[in-house]
Every structure is written in structure tokens, then in C-alpha cells.
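# Understanding the architecture of this molecule
Chain by chain, the residues run as shown.
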Amino acid sequence: CALQRTAKLQSVRFFGKILGTAADYYVAEARRAEPPEPPEASEPSATPAEEYGSGCNALSYFVTPELGGTWEELPSVTPEAIVAASRTRKFFTGSLDADVCCFPPFPGTERHYLRAQLARIAHGTTLCPSHKYALSPEGAVEPADPEAEGALPPPTSSQLGEPASWRHKNMGILAIGRCTNLPSPEEAEADAPPPQLEPEKPALLPIEASDWALVGPAALGGGAAVVWSRSLRWPGAIAVSEAKEGRYANLYLGYGHPVAAGPMLPSPPPPIEGDDPTAEPVEAEDMPLDDENAAVREAAEAALRAGAEE
């Protein structure tokens, strides 16, 4: 396609559509043949972002308000943006430069909020049939060798209607906003206890039956049948597959928000700061009476002069 040629992409697929109040976003998910130039250095972060090609920055995302228009690449996502997006529910406006007015404040504009939500959607809803891929010794997702020891056989159409025949293609996102934990500091104290790390969620984990509704198989003719899986956690996300030729696809069409666990309760503002308990009270000095009278007299005379000039 034109986007793949102009941006020199290794591969690209239509990810879906994010609905907005004034305009919508058509989204393309791509893999670059070469890593892009790193962004300009910013303020150091307590949680560094993952490098391009890994974790939440494994792929690039391009958006356009209308098909046939100009595609704009979204920036790499940061852990701070993902964490902030997980506690924010804000409709998209369709303007990448729009402010995200919310509390707690979101670190960036709508382009950063959109990129964070796309990462959450991609890592939570991108599915594949169980036999299509396997993990390499380094943990990378690779096409499965059907003749390898332990390889899963292709599922039948009826088997695709069972949750056991589907896998999450991407790693899960941790609470810190990354797919992988931070490496242990080199200069750690010998007596210091090891940090409590959240277990990582590797790729190709089986899906949870409570998170997906599977429908099918539905006959397409020619002996082919398709099964589609609809996300119950991210409304608008679906995955479809047919067993005859082993093809599958993922698509998202929605507002970019997961199902709310309960009523939306905005976070309260921080508590009002009190007086410094260590400071000694200081009595304010009153203005001398003569100075106060002089100021009142000067203001009255200025008002009289202004009235006379009118």
C-alpha cells in the first residue's frame, strides 16, 4: 500500500477505527524495516520506556482522520502514559493536539493518550490460533514449525469455537506500564531484600473464557467456516479465524475504552496543605493610621479629578 511504500515499512495491517466526538481515527499497525531515530532526550523517568521493537513499543501506529488522507505516526509510548491512561476515561476529540483535561493530569496531549490506549488494546485483544506461533528460546514469537516436537495440530472449525484454541499473541502489560520488569540495579545493597516484582505475562498465553465470547463456526461455502471471538473486556475488539487455510485477523472498532468495573468516580484532589508545624507564628504589622488616611485621601482626590475631567 501507499503507506508501506512512503514510510518504508516492513509490514502493515489495518488495526481498526477509534471513534471520536468531532472526528474519528483510522489506525494502521506497522513494523519498520529499520528502527526509527530515538526521540530527543527529555526529563529522566523513574520507569524507562521500552526500546523500539520490544514490549509496548514493538510496533508503530499511524492514524488518519479519513481513508485516503495523510497518515501521521504516533510517538513511542511511555510507561507513565500507560499508567495514566488506565485511570482516565476521556472521549477522543479527533484532534491529536487537543489537551486531555482530567485529574490526575495526563502527561501529554491526545496523541500520547491515543498511543497509550492503542497499546492497551493491542496487548489485551490481539489473538491468534493456538498452532500458528511458538516462542523462541529468547522469548520471541515466531511462526511455529508443524513438524517440531510438541507442535500443536491445526484446530478444526469446531475446535476454534473453544477458548483453548486461541492465544494472546502479545505479552501482557504490567502495572508499571511495561511488558517487562526493570532490570535489578547493579549497585544494590547486599543486605537489601529483593524487590517484589509482578510476574511477567509472556506471549501466547491462553485466553480467559470469561473475557471472550466465541461464535461459530459459520459456513462460508467451499467447505470453509469462520469462527469469531468478541472481547467482553474491550467492546469493539474481535478476532476471526477459519480452519481450512489457517487464516486469521484482528480488528478493533470502538471508543478506545474497556468495560468499566463500576461507576466512574473522579479522583479527589490532594489534601490542602496545612501550616508548617515547625514554623513560629509571626504577627502581621498593621499600617500606621496616618499612612492609611493618606492613602484613602489620595484615592478620593484621584476620583474627584477624574470626574472633573469628564
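Please refer to the structure placed before this passage.
Residues numbered from 1 in each chain as written. Predicted model: local features only at pLDDT ≥ 70, side-chain atom pairs only at ≥ 80, totals over all residues. Heavy atoms only, no water.

This part is about the nonpolar core. Of all hydrophobic cores here, the largest spans 30 residues; its most connected members are Phe15, Ile18, Tyr25, Val27, Tyr61, Leu114 and Leu118. For this core, the elements supplying multiple residues, two or more each, are strand E1 (9–18), strand E2 (25–32), strand E3 (60–64), helix H2 (79–86) and helix H3 (110–125). Sorting elements by how many residues they give to this core places H3 first, with seven residues. In contact with tyrosine 25, other than residues within four places in its own chain, are Gly16, Lys17, Ile18, Val63, Thr64, Phe92, Gly94, Ser95, Leu96, Glu110 and Leu114. With seven residues, the next largest nonpolar core counts Ile207, Trp212, Val227 and Ala239 among its residues. (Core = buried A, V, L, I, M, F, W, Y, C linked by side-chain atoms within 4.5 Å. Buried < 20%, exposed > 50% of the residue type's maximum accessible area, 1.4 Å probe, protein only. Helix = DSSP H or I, 4+ residues; strand = E, 2+ residues; numbered from the N terminus. Contact = heavy atoms within 4.5 Å.)

This part is about H2. All of the buried residues in H2 are Pro79, Ala81, Ile82, Ala84 and Ala85. Residues of H2 that are buried sit in contact with H3.

This brings us to unusual backbone geometry. For the peptide bond that leads from phenylalanine 103 to proline 104, omega is 0 degrees, which places it in the cis range. The residue proline 104 is located in the loop between H2 and H3 in this model. We note that leucine 204 has phi near 65 degrees; this positive angle belongs to a residue other than glycine. Secondary-structure assignment places leucine 204 in the loop between strand E8 (166–168) and strand E9 (212–221).

Let's shift gears to the packing of aromatic side chains. One pass over the structure, following the stated rule, counts six aromatic pairs. When the ring of tyrosine 133 is compared with that of tyrosine 248, the centres are 6.3 Å apart and the planes differ by 85 degrees; the resulting orientation is edge-to-face. Taken together, the residues tyrosine 133 in strand E6 (residues 133–135) and tyrosine 248 in strand E12 (residues 247–254) connect sequence positions 115 residues apart. The exposure class assigned to tyrosine 248 is partly exposed, which follows from its relative accessible area of 22%. Clustering of aromatic rings is evident, with ring pairs tying together Tyr25, Phe92, Phe106 and Tyr113. (Phe/Tyr/Trp six-rings, centres within 6.5 Å; stacked < 30°, edge-to-face > 60°.)

For H3, spanning 16 residues, the distance from its first C-alpha to its last is 22 Å, which sits close to the expected 22 Å at 1.5 Å a residue. For H3, the tally of buried residues reaches 14 of 16 residues, placing the bulk of the element in the interior. (Expected span 1.5 Å × (residues − 1).)

This brings us to the pattern of salt bridges. Taken as a whole and judged by the stated rule, the model has eight salt bridges. With a closest N to O distance of 2.7 Å, glutamate 72 and arginine 111 form a salt bridge. Taken together, the residues glutamate 72 in strand E4 (residues 72–73) and arginine 111 in helix H3 connect sequence positions 39 residues apart. The class of glutamate 72 is partly exposed, set by a relative accessible area of 35%. Under the relative-accessibility criterion, arginine 111 is labelled buried at 15%. Here aspartate 211 ties to arginine 233 by a salt bridge, and the two come within 3.6 Å at their closest N and O atoms. A residue pair is termed long-range when its members are at least 10 positions apart, and aspartate 211 in the loop between E8 and E9 and arginine 233 in the loop between strand E10 (224–231) and strand E11 (237–242) qualify at 22 residues. The exposure class assigned to arginine 233 is partly exposed, which follows from its relative accessible area of 49%. (Salt bridge = Lys/Arg side-chain N within 4 Å of Asp/Glu carboxyl O.)

Attention now moves to a nonpolar patch on the surface. A surface patch of nonpolar side chains, amounting to about 280 Å² of accessible area, comprises Phe14, Leu67 and Leu251. Secondary-structure assignment places leucine 251 in strand E12. (Patch = residues over 30% accessible without salt bridge, like charges linked within 9 Å, V, L, I, M, F, W, Y side chains within 5 Å. Areas by Shrake-Rupley, 256 points an atom, 1.4 Å probe, with all protein chains shown as cover.)

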